[in-house]
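A closer look at the structure
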Amino acid sequence: MAAKAFKALILGPPGGGKGTLSKRLVRDFGFKHFSAGDALRAEISAGSALGQKAKDYIAQGALVPDELVTDLVLGQLATLRNEPRWLLDGFPRHMAQAVALDAKHEVDLVLDLDIPEAEILSRLGGRRVHVASGRSYHVEWNPPKKEGIDDETGEPLVTRPDDTAEAITRRLQQYHDLAKPLVDHYAKSGRDVQTFAGTESDVIYPVMKEHVAKVLHVRDIAALARGMVSELGC
Ligand code: AMP
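What this report covers is the structure whose coordinates are included nearby. The shown structure was predicted, so the numbers you read here are calculated from the model rather than taken from an experiment.

Around the ligand sit 16 residues in total, of which R41, A62, G90, R93 and Q97 are the nearest. Contacts to the ligand include V64, whose backbone N or O atom sits 3.0 Å from a nitrogen atom. Between the ligand and Q97 there is a distance of 2.9 Å, counted from a nitrogen atom to a side-chain nitrogen or oxygen. Each residue belonging to the shell around the ligand can be placed in one class, and the counts come to eight nonpolar, three polar and five charged.

Below is the structure:
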């Protein structure tokens, strides 16, 4: 029988670096990464009925209703049952989603990002993306070689509709109102919850990496010990 998957969540404000940090966790620990925002954007690009319904909410920086997003996420997580470890990004965003997730999955680890609001406003306001590939630039810190143009394809870059000043303000407000109680929820239910504060992913990541390595190692040792006990028939 396959070992139970190790299930991690990354929580944090929009523009807090969840995507960047997730990529590094995937590289270093082989997590299968699943992002609710990416899944919704894929539905929009595919022109599906769900994408059509979700589109305007995303463009306005509003949360997509649970009846659209929860089944999409839980359905895709169900396909990861043979993965040794997965990392969920952008879900749950509030308590009702956490309850739906808890009903299907026991979360092992919660990585929570605490990023100052001024940093987020500057990051998101300057972000430009190449829609087809998901490549992301920043007008100041990571500009494309030619302004407004993707380095690899020569196609135009766009500002995500939910990166306008109005939408950013709405998304941050929502985050503070709804997502913070999630951290308390997971801590109270005995999950390993760790908050990482800072302004730079390059500084946050080494600390996060050390923590994840420790948690995974401890779990491997526990699983090994359980295996030995059952082999001995105890
Ligand atoms: P993200 O890429 O995580 O910043 O998500 C982009 C947008 O997708 C959000 O602003 C929401 O409109 C929508 N979205 C992503 N995840 C969720 C979720 N768990 N619940 C509702 N809406 C979501």
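Once you've had a look at it, read on.
Counted by the stated rule, this structure contains two aromatic pairs. Taking 6.2 Å as the distance between ring centres and 50 degrees as the angle between the ring planes, the aromatic pair formed by F6 and F31 counts as tilted. Of the two residues, F6 sits in strand 1 (residues 6–11) while F31 sits in the loop between helix 1 (18–29) and strand 2 (32–35), which places them 25 residues apart along the sequence. Overall, the relative accessible area of 5% leaves F31 in the buried class. Geometrically, the ring pair formed by F29 and F31 is edge-to-face, given 6.3 Å between the ring centres and 65 degrees between the ring planes. Pair check on accessibility: F29 and F31 agree, each one buried. One aromatic cluster is present, built from ring pairs that chain together F6, F29 and F31.

Summed over all chains, the structure comprises eleven salt bridges. For R24, the salt bridge goes to D202, with nearest N and O atoms at 2.9 Å. In this pair, R24 is assigned in helix 1 and D202 in helix 8 (residues 201–231), connecting sequence segments 178 residues apart. Judged by relative accessible area, D202 falls into the exposed class, the value being 52%. The residue R135 makes a salt bridge to E152 at a minimum N-O spacing of 3.7 Å. Pair noted here: R135 is in the loop between strand 5 (127–129) and strand 6 (136–138) and E152 is in the loop between strand 6 and helix 7 (165–188), with a separation of 17 residues, a long-range link. E152 gets classed as exposed once you look at its relative accessible area, which sits at 62%. Linked by salt bridges that have partners in common, R127, R160, D162, D163 and R171 make up one network.

So, on to the side chain of K18. Turning to its location among the elements, K18 is positioned in helix 1. Buried charge without a partner: K18 forms no salt bridge, and the closest opposite charge is D89, 4.8 Å away. Residues contacting K18, with those up to four places away along its chain left out, are I10, L11, G12, P13, D89, G90 and L113.

For the pair helix 6 (residues 117–125) and helix 7, interaxial distance at closest approach is 11 Å and the crossing angle is 140 degrees. Taken together, the axes of helix 6 and helix 7 are oblique relative to one another. When the axes of helix 6 and helix 7 are compared, the crossing they make is right-handed. On the side of helix 6, the interface is formed by E117, I120, L121, L124 and G125, while helix 7 contributes I168, R171, L172 and H176. In terms of residue class, the contact of helix 6 with helix 7 is built from five nonpolar, two polar and two charged.

Across the six residues of strand 4 (residues 109–114), five count as buried, placing the element largely inside the fold. Where strand 1 lies against strand 4, four bridges are found, and the strand directions are parallel. Directly across from A8, in strand 4, lies its bridge partner L109. Direction of pairing for strand 4 relative to strand 7 (residues 192–197): parallel, over a ladder of six bridges. Residue pairing across strands places L111 opposite Q194, the latter belonging to strand 7.

Reading the values: rules and limits
Residues numbered from 1 in each chain as written. Predicted model: local features only at pLDDT ≥ 70, side-chain atom pairs only at ≥ 80, totals over all residues. Heavy atoms only, no water. Near = heavy atom within 4 Å. Polar contact = N/O pair within 3.5 Å; in protein donor to acceptor, adjacent residues only side chain to side chain. Nonpolar A, V, L, I, M, F, W, Y, C, P; charged D, E, K, R; others polar. Phe/Tyr/Trp six-rings, centres within 6.5 Å; stacked < 30°, edge-to-face > 60°. Helix = DSSP H or I, 4+ residues; strand = E, 2+ residues; numbered from the N terminus. Buried < 20%, exposed > 50% of the residue type's maximum accessible area, 1.4 Å probe, protein only. Salt bridge = Lys/Arg side-chain N within 4 Å of Asp/Glu carboxyl O. Lys, Arg positive; Asp, Glu negative; His and termini not counted. Contact = heavy atoms within 4.5 Å. Axes fitted to C-alpha atoms, helices over the stretch in contact; angles between N-to-C directions. Parallel < 35°, antiparallel > 145°, perpendicular 65-115°, else oblique. Left-handed = near helix turned anticlockwise from the far one by under 90°. Pairing = 2+ DSSP bridges.

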